[in-house]
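# Commentary on secondary and tertiary structure
Letter by letter, the chains look like this.
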Number of protein chains: 2
Amino acid sequence: MRDVSIIGIGQTQVGEHWDISLRHLALEAIKSAAKEANVDRADGLFVGNMLAGELSGQGNLGALIADFVGLRGVEAITIEAASASGAAAVRQAYLAVAGGLMDIALVVGVEKLSDVVGSAAITAQATATDSDYEAVHGVTPLAVAAMMMRRYMHEYDTALADFAAFSINAHLNAGTNPYAMFHNKLTVQSFVKAPMVADPINLFDAAAPADGAAAIVLVPSEWAKSRGDGSAANGAARVRIAASAAATDALGLAERRDPLWLSAAEASAHRAYEQAGMAAKDVHFAELHDAATVLAALSLEACGFAERGGGVNFAKGGGIIRDGKTPISTLGGLKGRGDPGGATGVYQIVEAVQQLRGQAGPNQIANARIGLAQSLGANGATAVTHILVRD
Amino acid sequence: MRDVSIIGIGQTQVGEHWDISLRHLALEAIKSAAKEANVDRADGLFVGNMLAGELSGQGNLGALIADFVGLRGVEAITIEAASASGAAAVRQAYLAVAGGLMDIALVVGVEKLSDVVGSAAITAQATATDSDYEAVHGVTPLAVAAMMMRRYMHEYDTALADFAAFSINAHLNAGTNPYAMFHNKLTVQSFVKAPMVADPINLFDAAAPADGAAAIVLVPSEWAKSRGDGSAANGAARVRIAASAAATDALGLAERRDPLWLSAAEASAHRAYEQAGMAAKDVHFAELHDAATVLAALSLEACGFAERGGGVNFAKGGGIIRDGKTPISTLGGLKGRGDPGGATGVYQIVEAVQQLRGQAGPNQIANARIGLAQSLGANGATAVTHILVRD
């Protein structure tokens, strides 16, 4: 097995891109990443996408995007694992490079969720739940998260206002991230007064579905070190993938052993710690899957950053802010940056690289040398965890 | 890089399974493959699927199927590359095992295309074309193939009846394959008289969309050899993946350099020959992507089994039958066995293993030791080629 480094990153603004097609979004992100990495070829293109078939009438994104970005002929596929699609694509590229079967692997996560009318996007997102036992009854992924949040409030005696810390932190950090969807600040007062979406999840609790694309270039670390160009020439520290791991849980919430324990998140995080020879305490910041605040809380617990049942209090106590014990959503997270479905997992990696290179601007975490990125599909049915380190 | 062997195969009957759900189809195939391989665990599950989100309202098949087959917790993803999805999933599993990152990789290709009403299935299949430049004008994948066939007839002075040899061979072989959808024999007369679907492609020219699932278990060859159980105990010869390669072409037919040359099929086949240290002449049989007869003809040419423009005559002259120079569709192919979308590429691998083990019954190719399986997505925009050998 070879060490793998990330030598190029690219991202588009996250938002409602009614005027930009899926392929153009992918092109913009890939161009940035390839330019930064100073590569004009790739051995493989891994596309993370969740709903292009349903919402854009477009499948086979691998061949489409490879051709559109000037890589016609290159091996290319799409990887889907609900909202963890992007992270799962990163992991497949990692496997190919670490295993010695590819030298330059390109990953792009791309999604367009806003360019549809009526309830099509919500119906499409519901394909991430168990269609026979959940979606058929009208349940959407956010409604599942709402049940988890209600249970969390009951079990751990937590109030709606207690969850505000997550969204306040996310919006504060998004405010200074030029690629983020939201730049407005939230307060506990505005949080609790927000219109209800799926009780008890309200508008300021849930991440907004959005459009966007993010891309990275992976190469063997040895190769990255030997080059005098690319990211190295830009003075950016090289970022290595110290660990990559994935796991699953039951898709349907009712089938899980414990609705308040993200076992896939735990399993993938602990496998990642083991690979990297680290523990939760060694991590300087974490990009977690805060599609809803309860998921951020449960992710903190599953990754070992907070005790079981202590995720909300950890956030409320300032543990997740920029100077906290484990800063999360450092460039806005899903809540503040916006949540472009299958692209989200790649955005997390891009943002972690920004932090590790010291390129996070006003969002910079001081002395960030070890970052964790964890993406969840279907409220934790799939979890993909990466640990990135600054070499 | 490690050698990789296939130690278990499983498949369901191909057909219209109105009474069996997607997850049950996957379970049936996986159970067979795992039982044959004598394994009760896997390091990863790779699902090949094209349209479950669109047609069954079900995404995130990785987590769903992993749990349903008793592998809850196992890393699992879905791979999509239009009708090459199954073969692309096999390739991802191969990468993981060959690269040393997984020891037991499970692949299942699964698709339900018949369990929908009206034109939903055709609309969904059209997502495999370029949505902005093809599907938007009403073009389906089969209509694209029809344009290729019309051009073939024009360029190479070929008549409709000349293409009959492909379908006659496919149905003849399917007739003795218990898993195949069709068991009726075709003649040149019945072929030319069949109802038109997309002129000049008629009902007996095109493969029928179907439901089905096929599964395989991949392990390192060294590990397979050291075991005294599983496929070895059944007296079945071990089958090794001698080569695995993938390539792409432009998705839209009008964008391709030459509408009558499958450049991705050529590139992936030649990369595979190089990996295996072989040439087309060394291959004893080939499972090609005969979704339409013209695709079978063009695949024969791209893989080097026939000269450019000579694919149809090669078939007409008997080159593709059981005792021919390069037998194809040896257990029915897409045309005779039926074409369950994202499962098709895994069926091809399963059938090649049957041949190499000498388990193909009345369909057995004498002394079959080297087989090629090639799957196309979107009429050749994606091509995945595997070469399997009997050790």
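Here, every reference points to the structure presented above.
The rules behind the values
- Residues numbered from 1 in each chain as written.
- Chains lettered and ligands numbered in written order.
- Predicted model: local features only at pLDDT ≥ 70, side-chain atom pairs only at ≥ 80, totals over all residues.
- Heavy atoms only, no water.
- Buried < 20%, exposed > 50% of the residue type's maximum accessible area, 1.4 Å probe, protein only.
- Helix = DSSP H or I, 4+ residues; strand = E, 2+ residues; numbered from the N terminus.
- Pairing = 2+ DSSP bridges.
- Contact = heavy atoms within 4.5 Å.
- Buried area = accessible area lost by both parts, 1.4 Å probe.
- Salt bridge = Lys/Arg side-chain N within 4 Å of Asp/Glu carboxyl O.
- Polar contact = N/O pair within 3.5 Å; in protein donor to acceptor, adjacent residues only side chain to side chain.
- Nonpolar A, V, L, I, M, F, W, Y, C, P; charged D, E, K, R; others polar.
- Phe/Tyr/Trp six-rings, centres within 6.5 Å; stacked < 30°, edge-to-face > 60°.

Attention shifts here to the pairing of strand 8 (residues 239-248) of chain A. Along any regular strand the residues' side chains alternate between the sheet's two faces. Residue and element names in this part refer to chain A. Within strand 8, nine of the ten residues are buried, which leaves it mostly tucked inside the rest of the structure. Pairing between strand 8 and strand 11 (residues 382-390): nine bridges, direction antiparallel. If you follow Ala243 over to strand 11, its bridge partner there is Ile387.

All right, on to the interface of chain B and chain A then. Residue-level contacts link 59 residues of chain B with 59 residues of chain A. Summed over both sides, the interface of chain B with chain A buries roughly 4,200 Å², with 48% coming from carbon and sulfur. Where chain B meets chain A, there are six salt bridges. The closest approach of N and O atoms between A:Asp130 and B:Arg23, which form a salt bridge, is 2.7 Å. Joining chain B to chain A, the criterion identifies 26 residue pairs in polar contact (both at pLDDT 80 or more). Of all the secondary-structure elements, those providing two or more residues to the side of chain B that touches chain A are helix 2 (52-55), helix 3 (61-68), strand 3 (75-80), helix 4 (85-98) and strand 8 (239-248) of chain B. Looking at the side of chain B that touches chain A residue by residue, the classes come out as 28 nonpolar, 17 polar and 14 charged. Across three bridges, strand 3 (residues 75-80) of chain A lies against strand 3 of chain B in antiparallel orientation. Each bridged residue has a counterpart across the sheet, and for A:Ile79 the counterpart in strand 3 of chain B is B:Ile79.

With that settled, the discussion passes to the packing of aromatic side chains. All names here are of chain B. Within this structure, the stated rule accounts for four aromatic pairs over all chains. For the pair Tyr152 and Tyr156, a centre-to-centre distance of 4.7 Å together with 75° between the ring planes defines the contact as edge-to-face. Exposure remark for Tyr156: the relative accessible area of 22% places this residue in the partly exposed category. Ring centres 5.8 Å apart and planes at 70° place the aromatic pair Tyr152 and Phe163 in the edge-to-face group. Of this pair, Tyr152 sits in helix 6 (residues 141-155) while Phe163 sits in the loop between helix 6 and helix 7 (164-174), placing them eleven residues apart in sequence. We note that Tyr152, like Phe163, is buried.

Residues and elements named next belong to chain A. Judged by how many residues are buried, helix 3 (residues 61-68) sits mostly within the fold: seven of eight residues are covered. Of all the residues in helix 3, the buried ones are Leu61, Gly62, Ala63, Leu64, Ile65, Ala66 and Asp67. Of the residues trailing helix 3, Gly70 is marked for its positive phi of about 90°.

What follows covers the pattern of salt bridges. For the coordinates displayed, the defined rule picks out 32 salt bridges over all chains. A:Glu75 is the partner of B:Arg91 in a salt bridge, and the nearest nitrogen-oxygen pair spans 2.5 Å. Residue B:Arg91 is located in helix 4, and its partner A:Glu75 is located in strand 3; the two belong to separate chains. Across the pair, exposure class does not vary: B:Arg91 and A:Glu75 are buried alike. Close ionic contact of B:Asp103 with B:Arg2 constitutes a salt bridge, the shortest N to O distance being 3.1 Å. Placement of B:Asp103 in the loop between helix 4 and strand 4 (105-111) and of B:Arg2 in the segment before strand 1 (4-11) is noted, with a sequence separation of 101 residues between them. Residue B:Asp103 is classed as partly exposed on the basis of its relative accessible area, which comes to 35%. Residue B:Arg2 is classed as partly exposed on the basis of its relative accessible area of 28%. One continuous salt-bridge network, built from bridges that share partners, spans A:Arg23, B:Asp130 and B:Asp132.

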